[in-house]
Amino acid sequence: MQLKIMPKKKRLSAGRAPLMLFLCQMISALEVPLDPKLLEDLVQPPTITQQSPKDYIIDPRENIVIQCEAKGKPSPSFSWTRNGTHFDIDKDPLVTMKPGSGTLTINIMSEGKAETYEGVYQCTARNERGAAISNNIVIRPSRSPLWTKEKLEPIILRNGQSLVLPCRPPIGLPPPIIFWMDNSFQRLPQSERVSQGLNGDLYFSNVLPEDTREDYICYARFNHTQTIQQKQPISVKVISVDELNDTIAANLSDTEFYGAKSHRPRPPTFLTPDGNTSRKEELRGNVLSLECIAEGLPTPIIYWIKEDGTLPINRTFYRNFKKTLQIVQVTEADSGNYQCIAKNALGAIHHTISVTVKAAPYWIIAPQNLVLSPEEDGTLICRANGNPKPRISWLSNGVPIEIAPDDPSRKIDGDTIIFSKVQERSSAVYQCNASNEYGYLLANAFVNVLAEPPRILTSANTLYQVIANRPALLDCAFFGSPLPTIEWFKGAKGSALREDIYVLHENGTLEIPVAQKDSTGTYTCVARNKLGMAKNDVHLEIKDPTRIIKQPEYAVVQRGSTVSFECKVKHDHTLIPTVMWLKDHGELPNDGRFTVDKDRLVVADVNDDDGGTYTCVANTTLDNVSASAVLSVVAPTPTPAPIYDVPNPPFDLELTDQLDRSVQLSWTPGDDNNSPITKFIIEYEDAMHEPGLWHHQTEVPGTQTTAQLKLSPYVNYSFRVMAENNLGRSLPSEASEQYLTKAAEPDKNPTAVEGLGSEPDNLVITWKPLNGFESNGPGLQYKVSWRQKDGDDEWTSVVVANVSKYIVSGTPTFVPYLIKVQALNDAGFAPEPAAVMGHSGEDLPMVAPGNVRVNVVNSTLAEVHWDPVPLKSIRGHLQGYRIYYWKAQSSLTRNRRHIEKKILTFQGSKTHGMLPGLEPFSHYTLNVRVVNGKGEGPASPDKVFNTPEGVPSAPSSLKIVNPTLDSLTLEWEPPSHPNGILTEYTLKYQPINSTHELGPLVDLKIPANKTRWILKNLNFSTRYKFYFYAQTAAGSGIQITEEAITTVDEAGILPPDVGAGKAMASRQVDIATQGWFIGLMCAVALLILILLIVCFIRRNKGGKYPVKEKEDAHADPEIQPMKEDDGTFGEYSDAEDHKPLKKGSRTPSDRTVKKEDSDDSLVDYGEGVNGQFNEDGSFIGQYSGKKEKEPAEGNESSEAPSPVNAMNSFV
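Residue numbers here run from 1 along each chain, matching the order of that chain's written sequence. Local features in this predicted model are restricted to residues whose pLDDT is 70 or higher, and side-chain atom pairs enter the listing and the counts only when it is 80 or higher, whereas totals over whole chains, interfaces and linings include all residues. Neither water nor hydrogens contribute to the side-chain values; these are computed over all heavy atoms in the structure.

**Student:** Please clarify how the overall build of the chain should be interpreted in this entry.
**Tutor:** For the chain, the helix and strand inventory stands at seven helices and 91 strands. Here, two residues are considered to be in contact whenever any of their heavy atoms come within 4.5 Å of each other. The long-range share in the chain, meaning contacts at least 24 apart out of those at least 6 apart in sequence, stands at 67%. As displayed, the chain offers around 61200 Å² of accessible surface, 51% of which is attributable to carbon and sulfur atoms. Only DSSP runs of H or I reaching four residues or more are called helices, and only runs of E reaching two or more are called strands; each is numbered from the N terminus. Surface accessibility follows the Shrake-Rupley procedure with a 1.4 Å probe radius. Residue values consider only the protein chains on display as shielding.

**Student:** Where do I start with unusual backbone geometry in this structure?
**Tutor:** The phi angle of most residues is negative, glycine excepted, and most peptide bonds adopt the trans form. In this structure, Pro273 follows Thr272 across a cis peptide bond, with omega equal to 0°. Topologically, Pro273 is positioned in the loop between strand 23 (266-272) and strand 24 (277-283). Of note, the bond from Ser481 into Pro482 is cis; its omega dihedral lies within 30 degrees of zero at 5°. Among the structural elements, Pro482 can be located in the loop between strand 44 (478-481) and strand 45 (485-490). Phi at Asn397 takes a positive value of approximately 55°, unusual for a residue other than glycine. In this structure, Asn461 takes a positive phi of about 60° despite not being glycine. On the secondary structure map, Asn461 appears in the loop between strand 41 (452-456) and strand 42 (462-467). Each residue gets one of three labels from its accessible area relative to the maximum for its type: buried under 20%, exposed over 50%, partly exposed in between, using a 1.4 Å probe on protein chains only. Judged by its relative accessible area of 47%, Asn461 falls in the partly exposed class.

**Student:** Honestly, the pattern of salt bridges in this entry has me stumped. Any pointers?
**Tutor:** If charged atoms from side chains of opposite charge come close, those side chains can pair. The rule for a salt bridge is simple: a side-chain nitrogen of Lys or Arg has to be within 4 Å of a carboxyl oxygen of Asp or Glu. Following the criterion strictly, the structure yields 40 salt bridges and no others. The salt bridge partner of Arg593 is Asp591, with a shortest N-O separation of 3.1 Å. Look at Arg593 and you get buried, because its relative accessible area is 17%. Overall, Asp591 belongs to the partly exposed group, its relative accessible area being 31%. Residue Arg661 is joined to Asp747 by a salt bridge in which the shortest nitrogen-to-oxygen separation is 3.6 Å. Highlighted residues: Arg661 in the loop between strand 60 (651-656) and strand 61 (662-668) and Asp747 in the loop between strand 67 (739-740) and strand 68 (751-756), separated in sequence by 86 residues. Each of Lys679, Glu699, Glu724 and Arg729 takes part in a single network of salt bridges with overlapping partners.

**Student:** I tried to follow the side chain of Asn433 on my own but got confused; where do I start?
**Tutor:** Secondary-structure assignment places Asn433 in strand 39 (residues 428-436). Of the residues examined, Asn433 reaches a relative accessible area of 18% and is grouped as buried.

**Student:** I would appreciate a short explanation of the state of the cysteines in the present structure.
**Tutor:** By definition, a disulfide links the sulfur atoms of two cysteine residues through a covalent bond. Two cysteine sulfur atoms form a disulfide, by the criterion used here, when they sit within 2.5 Å. In this structure the tally under the stated criterion is six disulfides. Between the sulfur atoms of Cys167 and its disulfide partner Cys218 the distance amounts to 1.9 Å. Disulfide Cys167 to Cys218: torsion about the S-S bond roughly -65°, handedness left-handed. Taken together, the positions of Cys167 in the loop between strand 16 (163-165) and strand 17 (177-181) and Cys218 in strand 20 (residues 213-222) put the pair 51 residues apart, joining distant regions of the chain.

**Student:** Just checking my understanding: could you explain the environment of Thr103 for this structure?
**Tutor:** Mapping Thr103 onto the fold places it in the loop between strand 10 (95-97) and strand 11 (104-106). Here the alpha-carbon distance between Thr103 and Phe78, two residues 25 residues apart in the chain, equals 8.9 Å. The contact partners of Thr103, leaving out residues within four places of it in the chain, are Val65, Ile66, Gln67, Cys68, Glu69, Thr96, Met97 and Lys98. Within 3.5 Å is the distance limit for a polar contact, defined as a pair of N or O atoms, with the added protein rule that one can donate a hydrogen and the other accept it, and that residues adjacent in sequence qualify only through two side-chain atoms. Within the local environment of Thr103, its side chain forms a polar contact with the side chain of Glu69, the two groups lying 2.8 Å apart.

**Student:** Is there a simple way to explain the sheet that holds strand 56 (residues 594-596) in this structure?
**Tutor:** Backbone hydrogen bonds are what pair the strands of a sheet, in a parallel or an antiparallel way. Spatially, 52-57-56 is the arrangement adopted by the three strands of the open sheet, whose pairing is antiparallel. The open sheet has two edge strands, strand 52 (563-566) and strand 56, and neither has a second partner. If you compare each strand with its neighbour and ignore which way they point, the axes differ by 15° on average. When strand 52 meets strand 57 (residues 600-603), the two strands line up antiparallel, connected through four bridges. Bridge pairing links Phe565 to Leu601 in strand 57. Two strands qualify as a pair provided that DSSP identifies no fewer than 2 bridges between them. Fitting a line to C-alpha atoms yields each axis, with helices limited to the stretch in contact; the angle taken between N-to-C directions then spans 0 to 180 degrees.

**Student:** Would you take a moment to explain the nonpolar core for this structure?
**Tutor:** Most often, soluble globular proteins have nonpolar side chains that are buried together. Grouped together as the largest cluster of nonpolar side chains are 30 residues, with contacts concentrated most on Ile66, Trp80 and Tyr117. Elements with a contribution of two residues or more to this core: strand 5 (55-58), strand 6 (64-66), strand 7 (68-73), strand 8 (77-82), strand 11, strand 12 (119-127) and strand 14 (137-141). Per element, the largest residue contribution to this core is three residues, and it comes from strand 12. Setting aside chain neighbours within four positions, we find Tyr117 in contact with Ile64, Arg82, Asp92, Leu94, Val95, Ile106, Ile108 and Ile139. Only buried residues count toward a nonpolar core. Its members are Ala, Val, Leu, Ile, Met, Phe, Trp, Tyr and Cys residues joined through side-chain atoms within 4.5 Å.

**Student:** Explain a nonpolar patch on the surface to me, please; I cannot follow it from the model alone.
**Tutor:** Patches in this entry comprise residues that are over 30% relatively accessible and not in a salt bridge; like charges within 9 Å are linked, as are nonpolar side chains (Val, Leu, Ile, Met, Phe, Trp, Tyr) within 5 Å. Nonpolar side chains collect at one region of the surface, where Leu1086, Leu1089, Ile1090, Ile1093, Val1094 and Ile1097 lie side by side and expose about 530 Å² of accessible area between them. On the secondary structure map, Ile1090 appears in helix 5 (residues 1075-1100). Assessed through its relative accessible area of 45%, Ile1090 is described here as partly exposed.

**Student:** Sorry if this is basic, but what is going on with the packing of aromatic side chains here?
**Tutor:** Here the distance between the centres and the angle between the planes together describe a pair of aromatic rings. Between rings of Phe, Tyr and Trp, where Trp is taken as its six-membered ring, a pair exists when centres lie within 6.5 Å; planes separated by under 30 degrees are stacked, by over 60 edge-to-face, and by other angles tilted. Scanning the entire structure with this criterion turns up 21 aromatic pairs. Pairing Phe204 with Tyr216 gives two aromatic rings, centres 5.9 Å apart and planes at 80°, and the pair type is edge-to-face. Linking Phe204 in strand 19 (residues 202-204) with Tyr216 in strand 20, this pair joins segments that are twelve residues apart in sequence. Tyr216 matches Phe204 in its accessibility class, with the two residues each being buried. Here Phe565 and Tyr614 contribute two aromatic rings whose centre-to-centre distance is 5.3 Å and whose plane-to-plane angle is 25°, an arrangement assigned as stacked. Taken together, the residues span a long stretch of sequence, with Phe565 in strand 52 and Tyr614 in strand 58 (residues 612-619) at a distance of 49 residues. The pair Phe565 / Tyr614 is uniform in exposure class, with both members buried.

**Student:** For this particular structure, what's the right way to read the pairing of strand 37 (residues 410-413)?
**Tutor:** Residues in a regular strand point their side chains to alternate faces of the sheet. As judged from the four bridges shared by strand 37 and strand 38 (residues 416-419), these two strands associate in the antiparallel manner. Bridging from a neighbouring strand, Arg410 pairs with Phe419 of strand 38.

**Student:** When you look at the side chain of Ser393 in this model, what are you seeing that I'm missing?
**Tutor:** Within the secondary structure layout, Ser393 lies in strand 35 (residues 391-396). Look past the residues within four positions of Ser393 in its chain and what remains in contact with it is Gln431, Cys432 and Asn433.

**Student:** I would appreciate a short explanation of the environment of Gln161 in the present structure.
**Tutor:** For Gln161, the position within the fold is in the loop between strand 15 (155-158) and strand 16. The exposure class assigned to Gln161 is buried, which follows from its relative accessible area of 3%. Separated by 135 residues in the primary sequence, Gln161 and Gly296 place their C-alpha atoms 8.2 Å from one another. At 2.6 Å, the side chain of Gln161 forms a polar contact with the backbone nitrogen of Arg158.

**Student:** Explanation requested: the sheet that holds strand 40 (residues 439-449) in the structure shown.
**Tutor:** Taking strand neighbours across the sheet as the criterion, the five strands line up as 32-40-39-35-36 in an open arrangement whose pairing is mixed. In this open sheet, the two edge strands, each paired with only one partner strand, are strand 32 (370-372) and strand 36 (399-400). Alignment of strand 32 against strand 40, held across three bridges, turns out to be parallel. Counterpart to Leu372 in the pairing with strand 40 is Val449.

**Student:** Honestly, the environment of Met181 in this entry has me stumped. Any pointers?
**Tutor:** Note that Met181 resides in strand 17. Measuring from C-alpha to C-alpha, the distance between Met181 and Tyr216 comes to 6.5 Å, with 35 residues separating the pair along the chain. Ignoring sequence-local partners within four residues, the contact set of Met181 consists of Gln186, Arg187, Leu188, Asp215, Tyr216, Ile217 and Tyr219.

**Student:** Help me understand the pairing of strand 64 (residues 706-710) in this model?
**Tutor:** Residues Ala707 and Leu709 line the buried face of strand 64, whereas the alternating positions Thr706, Gln708 and Lys710 sit on a face that is not buried. Here five bridges tie strand 61 to strand 64, and the two strands are oriented antiparallel to one another. In the sheet register, Ser662 faces strand 64, and the bridge partner there is Lys710.

**Student:** Looking at this structure, how should I read the confidence of the model for the chain?
**Tutor:** Note: predicted coordinates in regions of low pLDDT should not be interpreted at a detailed level. Each residue gets a pLDDT score, which is the predictor's confidence in that residue and runs from 0 to 100. Mean pLDDT over the chain: 83, with 82% of residues reaching 70 or higher. Scored below 50 in pLDDT, residues 252-262 makes 15 contacts in the model with residues more than four places away or belonging to other chains. Scored below 50 in pLDDT, residues 1050-1069 shows 31 contacts in the model against residues more than four places distant or in partner chains.

Laid out in structure tokens, this is it:
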């Protein structure tokens, strides 16, 4: 047996034939495993693996190294551009390229200047499969200029005034880090009153006398060059008003002072930023830093809020004594107005900062490498976002795709490249560039078209070791192009996998969900594609699980005593376990009182701290187990509390009074552990027939210590006893001595004796043999006897070995026999057995039923009568009579075609039956055969009969075309099943007004040879409803309905040749928007869904359908109601039950209604050869699932109509 598996994880049932598990991975592109050996062999376009950053600031004192590393097969070659043109490194002696790499080294330490090599560089890695390019790498040397020299005058100001000490560092690359220190290189202390701003200036909300010093120095650290530049020291002196008057009254004017405010308390004002509002722009992903520094006396406190929102909790941080608000990983959602509030005791002031978050391009879907097989399809998707929206452009092998060589397998659709039926020449490296004014993204993604035979990457002869009853996972990593299928075999010769369930994973791994001992063996993984095959063997060993067979037990001990915990481990003999002990899930205390030997932990001189949980852990390389016990430490007590437990096992078992069929057993009870023993349970073992298996013998009261035991002959007995009290049952005692009873003749004979023939000339006698315990002695045999029931013959006997079947040959056909089977052994015979009756083999019946008559009841039902055959000619058990019938030809057509025979079986001795589900106006032939257990007898002569005309099915379609102001044209197709000669068509129609009320009904007769009719003199812009059906001599058929609208005027919305489906104009649009119409459509959809579910459930159960309604419809008094409760309710199936359901036609857009064939049905009455009918011929059976095909005339289908078809139009 060979089973195929689709990508999703599936469970498979294994049969008795070899099981092959297939993997068909339906994915759009191959994935190349990251296997070094595989990657060495596969041809692959270049991939950039390492490159210098886009903005590359170099140290001008060191050589310039521009990185560009790439991989590919064959190894790629490298080239560079500088400022958009080719950079010929061979012409510059200072530039070298690392061998096997694209990394450039520019030697400027010996000569040359870094500024000479400023520019934009780009690396290209190329091989025969394509070219990959790096980012544009902008090279700039770092700069750390000196401060311009300036003369700084001392600053003198009053106590309480505000102060800003400017830093204004030189512009460097990258910008320097600013900090303030004194001459001793000690950082100046900062607080809510004194702090450094983001621009490097030092802000004083108000000054104090202790701020006076002459060494306020601003430092700029340029990290790239590891240099620090220093500004000239600034001198600050803070004096009181009196000191100020005395010092400068004679020399200075008031205009030379910093600030002219009084040192009296004042409300806050902002030192930075200026004004009431400001704007800030930041890029997505950066850190947003907002700053507000205020002056005032007393020192103001700063608060932050976001207008119309809240600050993100996990991304918001406050710096510089809450003067700086920082939001990390800023997003577009962080845009908005932020307000800082400065407050002191005299007032408050606020400033609003409007923040806009822009975004450089960022990936939504970056293009991924594609590995395809020839003729496969694939896509490259490059999707990015940003603010503003980035522009997407494609390059092929570094060249804009608009001017790149054309590839017929490639189609570009915006941010997607679609590949169809690629060839090996389609291999290339594609670049996607997403850019806006804030930056760009560049991604390389190759398309590699490979044709590779399968390779298995899992190491050969890998050994897997798994614990029994756990899952086993056998790897089969593979690669190939096209993607290989995977098959698994067990055994070196490809023997079958005979377990019940296997699971095959998409990566080729075979999973055995519950591995057993017999799962051990060699498993072969085979990978195939159209280019070749590869296979690999792996080995599986199943190990016994590690078990703790003696677990530590709960203990209560007194302080100062000794306690031991036992932990015996059973494990697989090939695994070496390690056993360790834990206390309260940690290591044991490092104390000499704790000792561990092979399987025991001993704690001496127990104290209160030793109480807790002790765990024994046994580890192997494959599994681990643990068991725990609690130690409770109690104070010593003079009288120990009584221990209540199950009894101890009985002992000293003794056998006396040993007789052939009995023995006396006596024992000594064990300690009852303070709970009286209520009973003893005695078990026995038969060491001769079932060694190791103990059976229940008897029970005796707890006050009794002896028992008289009944024995069977030829049994090697051993006994054991268990005691039981209210707390439970003890362990078993040791086994008693063995006692072998003497052999005796069997006490009983075999059961289930039967006699049936497998051939016309034999009798097969079978029976259920005695087991070893019932044999009562050695040499068990069976005496088989038989004779004809109705003859005077003597019994014929034969003695056979310990088997369960004997075949008597040369018997007459289907003769009753009396049969006996008697057991015997070396000691004698069992009692005389009772005789049972059987029959020799059956043969096919010899005579066909005669005098076959047919009475046609109506157009779909006929009654058949026949004379029974003589019983002797049946030559077997009468099963019933079988009618074969078929539609030989149509009354209208004579074309020859294959005929499908239908079969109905009537059980028992019935001599009449009903043929339901016939087609009207048809020519039928039938014959009757008798059936026994061997098969069918000869057929009766064919009997021919005709069915009368019936009503036709609905017209196959109805179209309403060419609507005009006052006319509509109807076109139709005749019924697919006319069931007779059509006499005429009837058309009825009536108008529908604006309130959906129906107008007067017009009845019109149309000749049967017409398929088109024009209705004139209709009202303009009016909806009409039409009812249309055909007629035969038997009556009117099924009608079909349709609606249509006449046009408004000649310049109306719809052209005159538009079909009725388009002629419904605005009125239909209005109905479709009405609530009642939507509700009605939902209800219809729900009903259809329920009918579909019921249909498929019944179809999946075998395509059988109830037919009681059809019988009721015939209203024949001879037909009896079908009985469902007694199991005789009929169902029909035929040879086409296994065909898929035919799709029913839906109403097309031109309002054509197509009807399926009528299902006046045979689904009805039979179950193949077991169909049943009542004595009067009414049907209670089931149709056969069997059909025969013969050539015949006529072109009408002989398939019975089925109610299933009525549902097909909804499928």
